[in-house]
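Notes for the structure review
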Amino acid sequence: MQDGTWVDPSDWVPPSDYVITQKSWYTEGLGHKTFAPGEPYIDEQTKGLVVSFTRPLKLSDGRTGVASADLALNGILQYVSDMHPMKTGGTMMLSNDYILSYFHPEYVGSKVGDHPSDTFLAAVLEAINSGNTQTHAIKSFNGVTYIVAFSPVPGTNWTLISSVDRDTVLAPLRHLQYVSITILVIAIIIISLAIWKL
């Protein structure tokens, strides 16, 4: 609460130096109209990635504060990491420039700008920030071009990003192209033989 009091259904009691009104989840909650997610953070106790859903609160006695519910993201992020489009692709998730899930697990919990040599990650964030979330072809730091699709997560500032190597995406089209060329060559030979016999 604004007066520094704390109510926790799990009976957790914060340490004496824990100033509730100075925590980011508290200040974010003051700006929400309804329960909404804040910025993810590493939980001090569990060391896992957590997001607080917060909103302002006014009690019947007139005291004001913030109601908060934490959501541990480990299960969601594992699910995201296990998604492999076209069996060879990968999926990641960003919250603005904060990395929730990525192909390099050591990046999770950091900001995109913390990894300046990862040009793929920077290009993905640039595409998101441009507002153009249509499919993009993005060249990775390893020289491979990926087809990248973006999907904003409703009610959050999160974006689900899936990528597949361009060669994998285009393989069925190339196969069709080869079959079509083969049929065309055979047709030309048959027509040429028919004309030659006349």
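Here, the structure is the one placed above.
In this text the structure is predicted, and so the values were computed from the model without any measurement. (Residues numbered from 1 in each chain as written. Predicted model: local features only at pLDDT ≥ 70, side-chain atom pairs only at ≥ 80, totals over all residues. Heavy atoms only, no water.)

Some points on helix α3 (residues 119–130)
Across its 12 residues, α3 extends 16 Å between first and last C-alpha, which sits within 8% of the 16 Å expected from 1.5 Å per residue. Regarding α3, the residues found buried are Phe-120, Leu-121, Val-124, Leu-125, Ala-127 and Ile-128. One side of α3 carries all its buried residues, which in axial view fall inside an arc of 160°. Opposite the buried face of α3, by more than 90 degrees, sit the exposed residues Glu-126 and Asn-129. Next to the buried residues of α3 lie β5 (90–95), β6 (98–101), β7 (136–139), β8 (145–152) and β9 (158–165). (Helix = DSSP H or I, 4+ residues; strand = E, 2+ residues; numbered from the N terminus. Expected span 1.5 Å × (residues − 1). Buried < 20%, exposed > 50% of the residue type's maximum accessible area, 1.4 Å probe, protein only. Arc of directions from axis to C-beta. Contact = heavy atoms within 4.5 Å.)

Section: the packing of aromatic side chains
Considering all chains together, one arrives at five aromatic pairs under this definition. On the basis of an interplanar angle of 15° and a centroid distance of 5.3 Å, the ring pair of Tyr-102 and Tyr-107 is categorised as stacked. Judged on exposure class, the residue Tyr-102 and its partner Tyr-107 are both buried. Through successive ring pairs, a cluster of aromatic residues spans Tyr-102, Phe-103, Tyr-107, Phe-120 and Tyr-146. (Phe/Tyr/Trp six-rings, centres within 6.5 Å; stacked < 30°, edge-to-face > 60°.)

As for unusual backbone geometry
Of all residues except glycine, most have a negative phi; of all peptide bonds, most are trans. In this model, Lys-47 sits at a positive phi of 65°, which is unusual for a non-glycine residue. One can find Lys-47 in the loop between β2 (41–42) and β3 (49–58). Phi is positive for Asn-96, which is not a glycine, with a value near 55°. Relative to the assigned elements, Asn-96 resides in the loop between β5 and β6. Overall, Asn-96 belongs to the partly exposed group, its relative accessible area being 38%.

Looking at the pattern of salt bridges
Applying the stated criterion to the full structure yields three salt bridges. Arg-63 is the salt-bridge partner of Asp-3, the closest N and O atoms lying 3.9 Å from each other. One end of the pair, Asp-3, is in the segment before α1 (24–30); the other, Arg-63, is in the loop between β3 and β4 (64–72), and 60 residues separate them in sequence. Given a relative accessible area of 47%, Asp-3 falls into the partly exposed group. A relative accessible area of 33% places Arg-63 in the partly exposed class. As a salt-bridge pair, Arg-63 and Asp-61 come within 3.0 Å of each other at their nearest N and O atoms. Judged by relative accessible area, which is 51%, Asp-61 ranks as exposed. (Salt bridge = Lys/Arg side-chain N within 4 Å of Asp/Glu carboxyl O.)

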